[in-house]
Amino acid sequence: MSNDIPTAPAAGDEEHVLLRTEGRAAYLTLDRPRALNALTHPMVLRLERALRAWAEDPAVEVVVLSGAGERGLCAGGDIRAIHADARAGGTASAAFWRDEYRLNALIARYPKPYVALMDGIVMGGGVGVSAHGSVRVVTERSRVAMPETGIGFVPDVGGTYLLALAPGELGTHLALTGAPVGAADALLCGLADHFVPSADLPALAAELAEYPVRSVLERYVRQPPPGELAAARPWIDHGYAGDDAEEIVDRLLSAGEPAAKAAADTLLGKSPTAVKVTLEALRRARRLGPLERVLEQEYRVSCAALASPDLVEGIRAQVIDKDRAPRWSPARLAEVDAADVDRWFAPRGADELRLDAPSPTQEVVW
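Nothing here was measured: the structure is a model prediction, and the numbers come from that model.

### Things to note about the overall build of the protein chain
When you go through the protein chain residue by residue, the secondary structure sums to 16 helices and ten strands. The globule rule puts the C-alpha radius of gyration for 366 residues at 21 Å, and the 20 Å found for the protein chain is close to it. Taken over the C-alpha atoms alone, the protein chain extends approximately 60 × 45 × 40 Å along its principal axes. The buried share of the protein chain, taken over its 366 residues, is 54%. The long-range share in the protein chain, meaning contacts at least 24 apart out of those at least 6 apart in sequence, stands at 74%. Just so you have it, the protein chain exposes about 15400 Å², and 53% of that area is on carbon and sulfur atoms. Within the protein chain, one finds 39 positive and 51 negative side-chain charges whose respective centroids are separated by 1 Å.

This is the structure in structure tokens:
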């Protein structure tokens, strides 16, 4: 039997999240396919309300997240709205991030299996609503990325937490270059757990309404196609171990590997400020402990980005005008000093994001 769960009346963009229960499962579908299911503030609030209600509903034993349309789960947050807010000197983006990061923390601590179907494009905020889940499924179509440095921003939604935990310096490579990865590399980096062919996802999702997660996965999980990052570990781990961004570029350029040179060239095309802040954020994240502390740091950094000229310029170049020719300020890595970077991490006083400390780990049985 299928039914819609009782929810508050839809407002604004809330209708872009479809809610349904069937059997033992509850289904969340991001339904904004023309915008590649990009998240808006009302969508985030609707997701949170549904998850909190289902956490208390004994009839719901598993939650399944997917995206509408053929292109992917979610391309991130609505950066056109962020661009307009930053240009106007507004506060809407900060309010959005506050609730979005709370949602990311909720997903990470969810008391029931949370199955994220990471098919197609999964970027930025799409990573936040999927890669913190307890069961993360990628396909041969998956392209997972945190591409924020290309718009003068810094990986958020717990992205610096996830990438800081990746083996060696793989997370640093992905964070600084914004490079997307396929299924095998997402598994290697700890961004996903299982590979299932894309064509099998509808059947997998349907069976979760009747059977436990583990038994369903046993029927559908396969070996992914080969990835690229495992073979690149030597130059990645050596290159990104540099003390600062300039040294990283030098190491990559001198590695004698075409892929390393390409990574250096890519990195040099990103916002110099965002690259340096991202590197610092990743290294601080490794010392901060649980996800909640990292999300609090990311909130400081994200709010600081609103006052940076590179955020407005990066979105303009990549999304608004699409000339792909951002004019970064400062324009070179050497022009961004330590004091410039430190300002992004400054406490925000009464405006801090404060998340409850995690309770002792409760095993999610699936």
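Let's pick the thread back up.
### Structural notes on the pairing of strand S8 (residues 135-138)
The side-chain alternation of S8 yields two buried faces, one formed by Val135 and Val137 and the other by Arg136 and Val138. Pairing between strand S6 (residues 114-118) and S8: four bridges, direction parallel. By the bridge assignment for S8, Val115 is matched with Val135. Across two bridges, S8 lies against strand S10 (residues 194-195) in parallel orientation.

### Topic: the nonpolar core
Within soluble globular proteins, side chains that are nonpolar generally end up buried alongside one another. Among the nonpolar cores identified, the biggest contains 94 residues, and Leu28, Leu30, Leu51 and Trp54 are the most heavily contacted of them. Here this core gets eight residues from one element, more than from any other, and that element is helix H3 (residues 92-108). Core analysis: the second largest hydrophobic core is formed by 18 residues, Val135, Leu201, Leu204 and Leu208 among them.

### Topic: the sheet that holds strand S5 (residues 72-74)
Sheet architecture is open: three strands sit in the order S5-S7-S9, paired in parallel fashion. Edge positions in the sheet fall to S5 and strand S9 (143-145), since each has one partner strand and no second. Each strand axis lies, on average, 15° off the axis of its neighbour in the sheet, ignoring direction. Where strand S7 (residues 121-123) lies against S9, three bridges are found, and the strand directions are parallel. Bridged to Met123 within S9 is Ala145.

### Concerning the pairing of S6
In terms of residue burial, S6 counts as a mostly covered element, since five of its five residues are buried. With burial as the criterion, each face of S6 is covered, one bearing Tyr114, Ala116 and Met118 and the other bearing Val115 and Leu117.

### Examining the confidence of the model for the protein chain
Per-residue confidence for the protein chain gives a mean pLDDT of 94; residues scoring 70 or more make up 94%. This model gives residues 1-11 a pLDDT under 50, and the stretch forms 21 contacts once residues within four places in sequence are excluded.

### Brief notes about the packing of helix H2 (residues 79-88) against helix H15 (residues 309-320)
When two helices pack together, their arrangement is captured by the angle between the axes and the distance separating the axes. Packing of H2 against H15 leaves a shortest axis separation of 10 Å and a crossing angle of 140°. Between H2 and H15, the crossing angle belongs to the class labelled oblique. Judged by the twist between their axes, the crossing of H2 over H15 is left-handed. Where H2 abuts H15, its residues Ile79, Arg80, Ile82, His83, Ala86 and Arg87 lie against Leu311, Val312, Ile315, Arg316, Val319 and Ile320. Residues belonging to the contact of H2 with H15 are distributed by class as follows: eight nonpolar, one polar and three charged.

### Here we look at H3
Counted at 1.5 Å a residue, the expected span for H3 with its 17 residues is 24 Å, and the 25 Å between its end C-alpha atoms agrees. For H3, the tally of buried residues reaches 13 of 17 residues, placing the bulk of the element in the interior.

Scoring rules and cut-offs
- Residues numbered from 1 in each chain as written.
- Predicted model: local features only at pLDDT ≥ 70, side-chain atom pairs only at ≥ 80, totals over all residues.
- Heavy atoms only, no water.
- Helix = DSSP H or I, 4+ residues; strand = E, 2+ residues; numbered from the N terminus.
- Rg over C-alpha atoms; globule rule 2.2 N^0.38 Å.
- Buried < 20%, exposed > 50% of the residue type's maximum accessible area, 1.4 Å probe, protein only.
- Contact = heavy atoms within 4.5 Å.
- Areas by Shrake-Rupley, 256 points an atom, 1.4 Å probe, with all protein chains shown as cover.
- Lys, Arg positive; Asp, Glu negative; His and termini not counted.
- Charge placed at Lys NZ, Arg CZ, Asp CG, Glu CD.
- Pairing = 2+ DSSP bridges.
- Core = buried A, V, L, I, M, F, W, Y, C linked by side-chain atoms within 4.5 Å.
- Axes fitted to C-alpha atoms, helices over the stretch in contact; angles between N-to-C directions.
- pLDDT = per-residue confidence, 0-100.
- Parallel < 35°, antiparallel > 145°, perpendicular 65-115°, else oblique.
- Left-handed = near helix turned anticlockwise from the far one by under 90°.
- Nonpolar A, V, L, I, M, F, W, Y, C, P; charged D, E, K, R; others polar.
- Expected span 1.5 Å × (residues − 1).

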